[in-house]
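Geometric and topological summary
These are the residues of each chain, in order.
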Amino acid sequence: MSSTVFKKSSPNGKITTYLGKRDFVDFLDHIDPIDGVVVVNPEYQGSSKRVFAQVLAAFRYGREDLDVLGLTFRKDLFLTQMQVYPPKEEEKRPLTYLQQRLLKKLGENAFPFFFEIPPSSPSSVTLQPAPGDTGKPCGVDYELKTWAADSADEKSHRRSTVRLAIRKLTYAPSIAAPQPAIEAHKEFMMSPAPLHLECTLDKEMYYHGETINVNVQVTNNSNKTVKKIKISVIQYAEICLYTRAEYKCDVAELETTDGFPIHPSSTMSKVYSITPLLENNKDKRGLVLDGKLKHEDTNLASSTIIRDPAARENLGIIVQYKVKVKLIVSMGGDLAVELPFTLTHPKPPPSPSPPPKSLNSSRDIETSAVDHNLIQLDSNGDGASHNNNDDDLIFEEFARIRLKGHEGDDTEA
(Lines give C-alpha, C1' and ligand atoms only; values in the text may rest on other atoms or scores of the structure.)
Protein backbone atom coordinates (compact mmCIF):
# COMPACT_ATOMS: atom_id res chain seq x y z
CA MET A 1 0.00 0.00 0.00
CA SER A 2 1.68 3.21 -1.21
CA SER A 3 1.62 6.57 0.53
CA THR A 4 2.25 9.98 -0.99
CA VAL A 5 4.68 12.21 0.86
CA PHE A 6 4.94 15.85 -0.20
CA LYS A 7 8.40 17.38 -0.38
CA LYS A 8 9.86 20.79 -1.03
CA SER A 9 13.43 22.06 -0.96
CA SER A 10 14.83 25.48 -0.21
CA PRO A 11 16.17 27.47 -3.20
CA ASN A 12 19.77 26.69 -2.18
CA GLY A 13 18.93 22.99 -1.79
CA LYS A 14 20.37 22.80 1.74
CA ILE A 15 17.15 21.82 3.54
CA THR A 16 14.21 19.71 2.30
CA THR A 17 10.90 19.35 4.12
CA TYR A 18 8.77 16.19 3.88
CA LEU A 19 5.09 16.23 4.90
CA GLY A 20 2.57 13.38 4.78
CA LYS A 21 -0.45 15.52 3.85
CA ARG A 22 -1.64 19.06 3.32
CA ASP A 23 -5.09 18.84 4.96
CA PHE A 24 -5.28 18.50 8.75
CA VAL A 25 -8.69 17.69 10.16
CA ASP A 26 -10.33 18.86 13.39
CA PHE A 27 -12.62 16.02 14.51
CA LEU A 28 -13.65 18.12 17.56
CA ASP A 29 -12.43 15.43 19.97
CA HIS A 30 -8.91 15.56 18.44
CA ILE A 31 -6.98 17.32 15.67
CA ASP A 32 -4.57 15.70 13.25
CA PRO A 33 -1.00 16.50 14.33
CA ILE A 34 1.41 18.08 11.87
CA ASP A 35 4.32 15.66 11.60
CA GLY A 36 7.14 15.25 9.11
CA VAL A 37 10.91 15.42 8.75
CA VAL A 38 13.52 17.86 7.50
CA VAL A 39 16.64 16.68 5.67
CA VAL A 40 19.56 18.94 6.57
CA ASN A 41 22.61 19.22 4.31
CA PRO A 42 25.80 18.00 6.06
CA GLU A 43 27.35 21.39 5.26
CA TYR A 44 24.92 22.99 7.72
CA GLN A 45 25.54 20.29 10.31
CA GLY A 46 29.19 21.23 10.46
CA SER A 47 28.51 24.93 10.96
CA SER A 48 26.77 27.17 13.48
CA LYS A 49 23.52 26.96 11.53
CA ARG A 50 20.41 25.68 13.25
CA VAL A 51 17.20 24.56 11.55
CA PHE A 52 13.82 25.64 12.88
CA ALA A 53 10.21 24.76 12.03
CA GLN A 54 7.17 26.95 12.58
CA VAL A 55 3.41 26.73 12.05
CA LEU A 56 1.61 30.06 11.64
CA ALA A 57 -2.12 30.71 11.29
CA ALA A 58 -2.84 34.26 10.18
CA PHE A 59 -5.84 36.30 9.09
CA ARG A 60 -5.04 38.38 6.00
CA TYR A 61 -7.55 41.19 5.63
CA GLY A 62 -5.88 43.20 2.86
CA ARG A 63 -4.16 42.49 -0.45
CA GLU A 64 -0.41 41.89 -0.45
CA ASP A 65 0.19 44.70 -2.90
CA LEU A 66 -1.16 47.14 -0.30
CA ASP A 67 1.56 46.21 2.22
CA VAL A 68 3.72 49.33 2.48
CA LEU A 69 6.29 50.80 4.87
CA GLY A 70 6.57 47.53 6.78
CA LEU A 71 2.85 47.45 7.58
CA THR A 72 1.01 44.28 6.62
CA PHE A 73 -2.72 43.73 6.58
CA ARG A 74 -2.63 40.52 8.57
CA LYS A 75 -3.19 39.41 12.14
CA ASP A 76 -1.43 36.38 13.60
CA LEU A 77 -3.92 34.04 15.26
CA PHE A 78 -1.71 31.09 16.23
CA LEU A 79 2.04 30.54 16.24
CA THR A 80 4.22 27.68 17.41
CA GLN A 81 7.79 26.73 16.58
CA MET A 82 10.56 24.31 17.51
CA GLN A 83 14.22 23.68 16.82
CA VAL A 84 14.60 20.75 14.44
CA TYR A 85 18.40 20.63 14.25
CA PRO A 86 20.22 20.10 16.45
CA PRO A 87 17.28 18.49 18.28
CA LYS A 88 16.66 19.65 21.82
CA GLU A 89 16.27 16.95 24.42
CA GLU A 90 13.18 18.58 25.95
CA GLU A 91 11.43 18.71 22.56
CA LYS A 92 11.95 15.04 21.68
CA ARG A 93 8.82 12.90 21.53
CA PRO A 94 7.80 9.45 20.26
CA LEU A 95 8.00 9.15 16.50
CA THR A 96 4.87 8.69 14.43
CA TYR A 97 4.60 5.84 11.95
CA LEU A 98 5.19 8.25 9.06
CA GLN A 99 8.33 9.63 10.68
CA GLN A 100 9.69 6.15 11.29
CA ARG A 101 9.33 5.29 7.61
CA LEU A 102 10.83 8.58 6.47
CA LEU A 103 13.80 8.35 8.84
CA LYS A 104 14.52 4.84 7.59
CA LYS A 105 14.26 5.99 3.97
CA LEU A 106 16.15 9.29 4.20
CA GLY A 107 18.96 8.35 6.55
CA GLU A 108 20.87 10.08 9.30
CA ASN A 109 20.55 13.59 7.84
CA ALA A 110 16.75 13.59 8.45
CA PHE A 111 15.31 15.09 11.63
CA PRO A 112 11.66 14.93 12.76
CA PHE A 113 9.28 17.74 13.72
CA PHE A 114 5.87 17.52 15.38
CA PHE A 115 3.21 20.15 16.11
CA GLU A 116 -0.16 19.92 17.82
CA ILE A 117 -2.84 22.43 16.82
CA PRO A 118 -4.85 23.77 19.80
CA PRO A 119 -8.62 23.14 19.87
CA SER A 120 -9.43 26.87 19.71
CA SER A 121 -7.53 27.42 16.46
CA PRO A 122 -9.44 28.71 13.40
CA SER A 123 -10.25 26.73 10.27
CA SER A 124 -8.79 27.67 6.90
CA VAL A 125 -11.14 29.95 4.96
CA THR A 126 -10.71 32.19 1.92
CA LEU A 127 -12.65 35.23 0.74
CA GLN A 128 -13.46 34.81 -2.95
CA PRO A 129 -11.51 37.45 -4.88
CA ALA A 130 -12.91 39.53 -7.69
CA PRO A 131 -11.86 38.76 -11.27
CA GLY A 132 -8.48 40.35 -11.89
CA ASP A 133 -7.39 40.36 -8.24
CA THR A 134 -3.83 39.10 -7.78
CA GLY A 135 -1.74 38.01 -4.84
CA LYS A 136 -2.83 35.96 -1.89
CA PRO A 137 -6.59 36.23 -1.22
CA CYS A 138 -7.91 37.49 2.09
CA GLY A 139 -8.85 34.93 4.70
CA VAL A 140 -7.36 32.61 7.33
CA ASP A 141 -4.41 30.57 6.10
CA TYR A 142 -1.89 28.17 7.64
CA GLU A 143 1.77 27.95 6.71
CA LEU A 144 4.47 25.50 7.70
CA LYS A 145 7.86 27.17 7.50
CA THR A 146 11.30 25.60 7.93
CA TRP A 147 14.48 27.66 7.74
CA ALA A 148 18.15 27.72 8.65
CA ALA A 149 19.65 30.47 10.78
CA ASP A 150 22.12 31.00 13.58
CA SER A 151 19.26 31.67 16.01
CA ALA A 152 15.47 31.64 16.03
CA ASP A 153 15.39 35.44 16.32
CA GLU A 154 17.46 35.96 13.20
CA LYS A 155 15.53 36.98 10.10
CA SER A 156 15.13 34.07 7.72
CA HIS A 157 16.62 34.31 4.24
CA ARG A 158 14.61 33.25 1.21
CA ARG A 159 17.33 30.95 -0.16
CA SER A 160 17.46 28.87 3.01
CA THR A 161 13.71 28.83 3.74
CA VAL A 162 10.94 26.38 2.83
CA ARG A 163 7.31 27.54 2.99
CA LEU A 164 4.42 25.07 2.66
CA ALA A 165 0.77 26.11 2.48
CA ILE A 166 -1.40 23.74 4.50
CA ARG A 167 -4.98 23.95 5.71
CA LYS A 168 -7.10 22.96 8.69
CA LEU A 169 -10.60 21.64 8.06
CA THR A 170 -13.37 20.94 10.54
CA TYR A 171 -15.91 18.11 10.40
CA ALA A 172 -19.08 18.66 12.39
CA PRO A 173 -20.06 15.81 14.74
CA SER A 174 -22.55 13.39 13.22
CA ILE A 175 -24.96 13.56 16.14
CA ALA A 176 -28.72 13.73 15.91
CA ALA A 177 -30.04 17.27 16.20
CA PRO A 178 -33.64 18.45 16.16
CA GLN A 179 -35.08 19.54 12.83
CA PRO A 180 -35.03 23.30 12.44
CA ALA A 181 -38.62 24.56 12.63
CA ILE A 182 -40.23 27.95 13.04
CA GLU A 183 -43.69 29.51 13.08
CA ALA A 184 -44.68 33.12 12.48
CA HIS A 185 -47.80 35.10 11.80
CA LYS A 186 -48.64 38.59 10.61
CA GLU A 187 -51.78 40.59 11.31
CA PHE A 188 -53.28 43.06 8.89
CA MET A 189 -55.61 45.95 9.51
CA MET A 190 -59.28 45.02 9.14
CA SER A 191 -58.41 41.30 8.84
CA PRO A 192 -60.44 38.82 10.91
CA ALA A 193 -57.33 36.68 11.61
CA PRO A 194 -53.58 36.68 10.82
CA LEU A 195 -51.58 35.12 8.02
CA HIS A 196 -49.78 32.08 9.49
CA LEU A 197 -46.51 30.55 8.19
CA GLU A 198 -44.86 27.36 9.41
CA CYS A 199 -41.53 26.09 7.99
CA THR A 200 -39.44 23.00 8.68
CA LEU A 201 -36.18 21.64 7.25
CA ASP A 202 -35.84 17.89 6.74
CA LYS A 203 -32.69 17.82 8.96
CA GLU A 204 -30.24 20.12 10.73
CA MET A 205 -26.94 19.11 9.09
CA TYR A 206 -26.20 19.04 5.36
CA TYR A 207 -23.09 18.05 3.47
CA HIS A 208 -21.67 20.16 0.66
CA GLY A 209 -23.66 19.52 -2.52
CA GLU A 210 -26.71 18.14 -0.70
CA THR A 211 -30.21 19.40 -1.48
CA ILE A 212 -32.13 21.17 1.29
CA ASN A 213 -35.84 20.31 1.47
CA VAL A 214 -38.01 23.05 2.98
CA ASN A 215 -41.50 22.10 4.11
CA VAL A 216 -43.78 25.18 3.94
CA GLN A 217 -47.30 25.37 5.33
CA VAL A 218 -49.38 28.54 4.92
CA THR A 219 -52.74 29.24 6.51
CA ASN A 220 -54.23 32.45 5.19
CA ASN A 221 -57.05 33.64 7.45
CA SER A 222 -56.42 37.27 6.56
CA ASN A 223 -58.10 39.41 3.93
CA LYS A 224 -54.89 39.57 1.86
CA THR A 225 -53.70 37.45 -1.07
CA VAL A 226 -50.25 35.82 -0.99
CA LYS A 227 -48.79 36.18 -4.51
CA LYS A 228 -45.61 34.08 -4.40
CA ILE A 229 -42.82 32.70 -2.24
CA LYS A 230 -39.10 33.41 -2.21
CA ILE A 231 -36.66 30.96 -0.60
CA SER A 232 -32.95 31.71 -0.25
CA VAL A 233 -29.91 30.24 1.48
CA ILE A 234 -27.83 32.97 3.11
CA GLN A 235 -24.22 32.78 4.22
CA TYR A 236 -23.48 34.96 7.24
CA ALA A 237 -19.82 35.84 7.83
CA GLU A 238 -18.74 37.51 11.05
CA ILE A 239 -15.31 39.11 10.77
CA CYS A 240 -13.59 38.97 14.16
CA LEU A 241 -10.80 41.49 13.90
CA TYR A 242 -10.27 44.62 15.98
CA THR A 243 -13.99 45.32 15.68
CA ARG A 244 -16.73 42.91 14.66
CA ALA A 245 -18.53 43.22 11.36
CA GLU A 246 -21.08 40.91 9.76
CA TYR A 247 -21.67 40.34 6.07
CA LYS A 248 -24.26 38.24 4.33
CA CYS A 249 -24.49 36.79 0.86
CA ASP A 250 -27.19 34.78 -0.90
CA VAL A 251 -25.70 31.49 -2.13
CA ALA A 252 -28.94 29.96 -3.49
CA GLU A 253 -32.29 31.48 -4.47
CA LEU A 254 -35.68 30.15 -5.49
CA GLU A 255 -38.63 32.35 -6.39
CA THR A 256 -41.81 30.65 -7.57
CA THR A 257 -45.55 31.03 -7.97
CA ASP A 258 -46.10 27.26 -7.87
CA GLY A 259 -49.08 26.73 -5.54
CA PHE A 260 -49.93 30.44 -5.56
CA PRO A 261 -51.79 32.72 -5.24
CA ILE A 262 -53.18 31.84 -1.82
CA HIS A 263 -56.47 33.65 -1.45
CA PRO A 264 -58.12 34.58 1.86
CA SER A 265 -59.45 31.60 3.84
CA SER A 266 -57.10 29.21 1.96
CA THR A 267 -54.23 26.94 2.93
CA MET A 268 -51.16 25.60 1.16
CA SER A 269 -48.65 22.86 2.02
CA LYS A 270 -45.65 22.15 -0.19
CA VAL A 271 -42.00 21.00 -0.07
CA TYR A 272 -39.45 23.12 -1.94
CA SER A 273 -35.90 21.99 -2.76
CA ILE A 274 -32.85 24.24 -3.00
CA THR A 275 -29.12 23.45 -3.29
CA PRO A 276 -26.31 25.89 -2.33
CA LEU A 277 -23.29 25.36 -4.61
CA LEU A 278 -20.11 27.33 -5.21
CA GLU A 279 -20.34 26.81 -9.00
CA ASN A 280 -23.41 29.05 -9.03
CA ASN A 281 -21.63 31.83 -7.11
CA LYS A 282 -18.27 32.19 -8.83
CA ASP A 283 -18.82 35.91 -9.51
CA LYS A 284 -19.60 36.98 -5.93
CA ARG A 285 -16.67 38.80 -4.41
CA GLY A 286 -16.21 38.34 -0.67
CA LEU A 287 -18.03 35.01 -0.47
CA VAL A 288 -16.34 32.83 2.17
CA LEU A 289 -14.90 29.54 0.89
CA ASP A 290 -13.05 26.69 2.53
CA GLY A 291 -9.34 27.44 2.36
CA LYS A 292 -7.98 26.22 -0.95
CA LEU A 293 -4.71 24.73 -2.07
CA LYS A 294 -5.81 24.39 -5.69
CA HIS A 295 -8.27 26.50 -7.65
CA GLU A 296 -10.56 23.55 -8.25
CA ASP A 297 -10.21 22.07 -4.79
CA THR A 298 -12.65 24.05 -2.68
CA ASN A 299 -16.31 24.73 -1.91
CA LEU A 300 -18.47 27.06 0.13
CA ALA A 301 -17.03 27.52 3.61
CA SER A 302 -18.22 25.01 6.17
CA SER A 303 -20.18 26.22 9.18
CA THR A 304 -17.94 27.31 12.02
CA ILE A 305 -18.19 25.13 15.12
CA ILE A 306 -17.87 27.41 18.16
CA ARG A 307 -16.77 25.42 21.19
CA ASP A 308 -15.71 28.33 23.39
CA PRO A 309 -17.75 31.54 22.89
CA ALA A 310 -15.11 33.47 24.83
CA ALA A 311 -12.51 32.63 22.15
CA ARG A 312 -14.49 33.89 19.15
CA GLU A 313 -11.84 36.45 18.23
CA ASN A 314 -9.31 33.65 17.67
CA LEU A 315 -11.47 32.18 14.90
CA GLY A 316 -10.87 35.02 12.42
CA ILE A 317 -14.02 34.49 10.34
CA ILE A 318 -17.15 32.82 11.72
CA VAL A 319 -19.45 31.35 9.07
CA GLN A 320 -23.10 30.40 9.61
CA TYR A 321 -25.95 29.53 7.24
CA LYS A 322 -29.70 30.15 7.30
CA VAL A 323 -32.62 29.36 5.04
CA LYS A 324 -34.90 32.37 4.59
CA VAL A 325 -38.53 31.87 3.55
CA LYS A 326 -40.44 34.97 2.50
CA LEU A 327 -44.09 35.26 1.52
CA ILE A 328 -44.85 38.10 -0.89
CA VAL A 329 -48.24 39.58 0.06
CA SER A 330 -50.38 41.66 -2.27
CA MET A 331 -51.01 45.19 -0.97
CA GLY A 332 -49.45 44.46 2.40
CA GLY A 333 -46.28 43.75 4.33
CA ASP A 334 -44.37 40.56 3.56
CA LEU A 335 -43.87 37.73 6.08
CA ALA A 336 -40.40 36.17 6.44
CA VAL A 337 -38.71 33.59 8.71
CA GLU A 338 -35.16 32.19 8.96
CA LEU A 339 -34.02 28.67 9.87
CA PRO A 340 -30.34 28.08 10.81
CA PHE A 341 -28.59 24.90 9.73
CA THR A 342 -25.09 23.40 9.54
CA LEU A 343 -23.18 22.95 6.27
CA THR A 344 -20.12 20.72 6.52
CA HIS A 345 -18.09 17.84 5.11
CA PRO A 346 -18.94 14.20 5.85
CA LYS A 347 -16.64 12.70 8.42
CA PRO A 348 -14.18 10.39 6.65
CA PRO A 349 -13.92 6.76 7.80
CA PRO A 350 -10.94 6.05 10.05
CA SER A 351 -7.82 4.90 8.23
CA PRO A 352 -6.80 1.30 8.93
CA SER A 353 -3.81 0.88 11.20
CA PRO A 354 -0.64 -0.02 9.31
CA PRO A 355 0.70 -3.52 9.95
CA PRO A 356 3.51 -3.86 12.50
CA LYS A 357 6.87 -3.61 10.81
CA SER A 358 10.42 -4.21 11.92
CA LEU A 359 12.52 -1.12 11.37
CA ASN A 360 16.28 -1.59 11.28
CA SER A 361 17.24 2.06 11.17
CA SER A 362 20.67 3.42 11.95
CA ARG A 363 18.89 5.76 14.33
CA ASP A 364 17.42 4.50 17.59
CA ILE A 365 13.64 4.29 17.10
CA GLU A 366 12.11 5.27 20.39
CA THR A 367 8.64 3.87 19.77
CA SER A 368 6.46 2.14 17.20
CA ALA A 369 3.60 4.63 17.57
CA VAL A 370 1.02 4.45 14.78
CA ASP A 371 -0.26 7.46 12.90
CA HIS A 372 -3.87 6.67 11.97
CA ASN A 373 -4.13 9.79 9.83
CA LEU A 374 -1.54 8.86 7.18
CA ILE A 375 -2.89 10.13 3.91
CA GLN A 376 -3.41 7.71 1.03
CA LEU A 377 -3.20 9.54 -2.31
CA ASP A 378 -2.18 8.93 -5.88
CA SER A 379 0.32 11.23 -7.49
CA ASN A 380 -1.46 13.77 -9.67
CA GLY A 381 1.53 14.37 -11.89
CA ASP A 382 1.86 18.05 -10.97
CA GLY A 383 5.45 17.56 -9.88
CA ALA A 384 8.21 15.04 -10.16
CA SER A 385 7.47 11.82 -8.32
CA HIS A 386 9.27 8.54 -8.02
CA ASN A 387 8.21 5.27 -6.47
CA ASN A 388 10.38 3.67 -3.84
CA ASN A 389 9.45 0.02 -4.04
CA ASP A 390 11.08 -1.10 -0.83
CA ASP A 391 8.81 1.05 1.38
CA ASP A 392 6.01 2.13 -1.01
CA LEU A 393 6.59 5.85 -0.43
CA ILE A 394 5.83 8.22 -3.32
CA PHE A 395 7.66 11.53 -3.02
CA GLU A 396 5.73 14.30 -4.78
CA GLU A 397 6.87 17.88 -5.21
CA PHE A 398 4.64 20.38 -3.46
CA ALA A 399 2.46 21.73 -6.31
CA ARG A 400 2.67 25.38 -7.30
CA ILE A 401 0.31 27.68 -9.15
CA ARG A 402 1.48 30.68 -11.12
CA LEU A 403 -0.81 33.64 -10.67
CA LYS A 404 -1.88 35.49 -13.79
CA GLY A 405 -0.02 38.76 -14.05
CA HIS A 406 2.69 37.54 -11.64
CA GLU A 407 4.60 35.08 -13.75
CA GLY A 408 7.68 35.52 -11.63
CA ASP A 409 5.98 34.72 -8.34
CA ASP A 410 5.13 31.23 -7.21
CA THR A 411 2.21 30.65 -4.90
CA GLU A 412 1.80 27.46 -2.94
CA ALA A 413 -1.03 25.29 -4.20
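Definitions and limits used
Residues numbered from 1 in each chain as written. Predicted model: local features only at pLDDT ≥ 70, side-chain atom pairs only at ≥ 80, totals over all residues. Heavy atoms only, no water. Helix = DSSP H or I, 4+ residues; strand = E, 2+ residues; numbered from the N terminus. Buried < 20%, exposed > 50% of the residue type's maximum accessible area, 1.4 Å probe, protein only. Contact = heavy atoms within 4.5 Å. Areas by Shrake-Rupley, 256 points an atom, 1.4 Å probe, with all protein chains shown as cover. Phe/Tyr/Trp six-rings, centres within 6.5 Å; stacked < 30°, edge-to-face > 60°. pLDDT = per-residue confidence, 0-100. Core = buried A, V, L, I, M, F, W, Y, C linked by side-chain atoms within 4.5 Å. Salt bridge = Lys/Arg side-chain N within 4 Å of Asp/Glu carboxyl O. Pairing = 2+ DSSP bridges. Axes fitted to C-alpha atoms, helices over the stretch in contact; angles between N-to-C directions. Polar contact = N/O pair within 3.5 Å; in protein donor to acceptor, adjacent residues only side chain to side chain.

**Some words on the overall build of the protein chain**
A count of helices and strands for the protein chain gives two helices and 24 strands. Each of the 413 residues in the protein chain was classed as buried or not, and the buried ones make up 45%. Expressed as a percentage of contacts within the protein chain between residues at least 6 apart in sequence, the contacts between residues at least 24 apart total 67%. Carbon and sulfur atoms make up 49% of the accessible area of the protein chain, which amounts to about 20400 Å² in all.

**Some remarks on the packing of aromatic side chains**
According to the stated counting rule, one finds six aromatic pairs in the structure shown. Each ring, one from Phe27 and one from Tyr171, has its centre 6.1 Å from the other, and the planes form 45°; the classification is tilted. Of this pair, Phe27 sits in the loop between β3 (23-26) and β4 (34-40) while Tyr171 sits in the loop between β10 (161-170) and β11 (181-186), and the two are 144 residues apart along the sequence. On the basis of relative accessible area, Tyr171 is assigned to the buried category, the value being 12%. Relative to Phe341, the ring of Tyr321 has its centre 6.0 Å away and its plane inclined at 35°; by these criteria the two rings are tilted. One end of the pair, Tyr321, is in strand β19 (residues 317-329); the other, Phe341, is in strand β20 (residues 335-344), and 20 residues separate them in sequence.

**Description of the confidence of the model for the protein chain**
Mean pLDDT over the protein chain works out to 80, with 79% of the residues at or above the 70 mark. Looking at the elements of the protein chain, mean pLDDT is at its lowest for strand β23 (residues 400-402), recorded as 39, and at its highest for strand β12 (residues 195-201), recorded as 96. Within the model, pLDDT remains below 50 along residues 356-390, and this stretch shows 79 contacts once partners closer than five positions in the same chain are excluded. Every residue in residues 400-413 is under pLDDT 50, and counting partners more than four places away or in other chains gives 31 contacts.

**Describing the nonpolar core**
Ranked by internal contacts, the top residues of the largest apolar core, which has 50 residues, are Val216 and Val325. Not counting chain neighbours up to four residues away, the residues in contact with Val216 comprise Leu197, Glu198, Cys199, Ile229, Met268, Ser269, Lys270, Tyr272 and Val325. Val51, Phe113, Phe115 and Ala148 belong to the second-largest nonpolar core, a separate cluster that totals 26 residues.

**Focus: the pattern of salt bridges**
Inspection of every chain in the model, using the stated rule, returns twelve salt bridges. Of the charged contacts in the structure, one is a salt bridge between Glu143 and Arg163, with a shortest N-O distance of 2.9 Å. Of this pair, Glu143 sits in strand β9 (residues 139-149) while Arg163 is found in strand β10, placing the two residues 20 residues apart along the sequence. What makes Glu143 buried here is its relative accessible area of 15%. Across the pair Asp258 and Lys270 runs a salt bridge whose closest N-O atoms are separated by 3.1 Å. Here Asp258 is found in the loop between β16 (244-256) and β17 (266-274), whereas its partner Lys270 is found in strand β17, with twelve residues between them in sequence.

**Comments concerning the sheet that holds strand β14 (residues 212-220)**
Across the sheet, which stays open at both edges, the four strands sit in the order β11-β12-β14-β17 with antiparallel pairing between neighbours. The sheet terminates laterally at β11 and β17, the two strands that pair on one side only. Across the sheet, the mean angle separating the axes of adjacent strands is 15° when strand polarity is ignored. As paired strands, β11 and β12 are joined by six bridges and run antiparallel to one another. For Ala184, the partnering residue across the bridge sits in β12 and is Leu197.

**Some details on helix α2 (residues 97-106)**
Here α2 lies mainly inside the structure; seven of its ten residues are buried. Taken together, the buried positions of α2 are occupied by Tyr97, Leu98, Gln99, Gln100, Arg101, Leu102 and Leu103. Gly107 lies just past α2 and shows a positive phi near 90°.

**A look at the side chain of Lys8**
Mapping Lys8 onto the fold places it in strand β1 (residues 3-9). With a relative accessible area of 8%, Lys8 lands in the buried category. Among the polar contacts listed, one links the side chain of Lys8 to the backbone oxygen of Arg163, at a separation of 3.0 Å.

**Concerning the sheet that holds β16**
With mixed pairing, the five strands of this open sheet are ordered in space as β13-β20-β19-β15-β16. Of all strands in the sheet, those with a lone pairing partner are β13 (205-207) and β16, marking the two edges. On average, adjacent strands in this sheet sit at an angle of 35° to one another, irrespective of strand direction. With twelve bridges connecting them, strand β15 (residues 226-240) and β16 associate as antiparallel partners. Looking at β16, one finds that Cys240 is bridged to Arg244.

**Re unusual backbone geometry**
Cis geometry marks the peptide bond from Tyr85 to Pro86, where omega comes out at -10°. In this fold, Pro86 is placed in the loop between β6 (74-85) and α2. The residue after Phe260, namely Pro261, is reached through a cis peptide bond having omega 0°. Structurally, Pro261 can be placed in the loop between β16 and β17.

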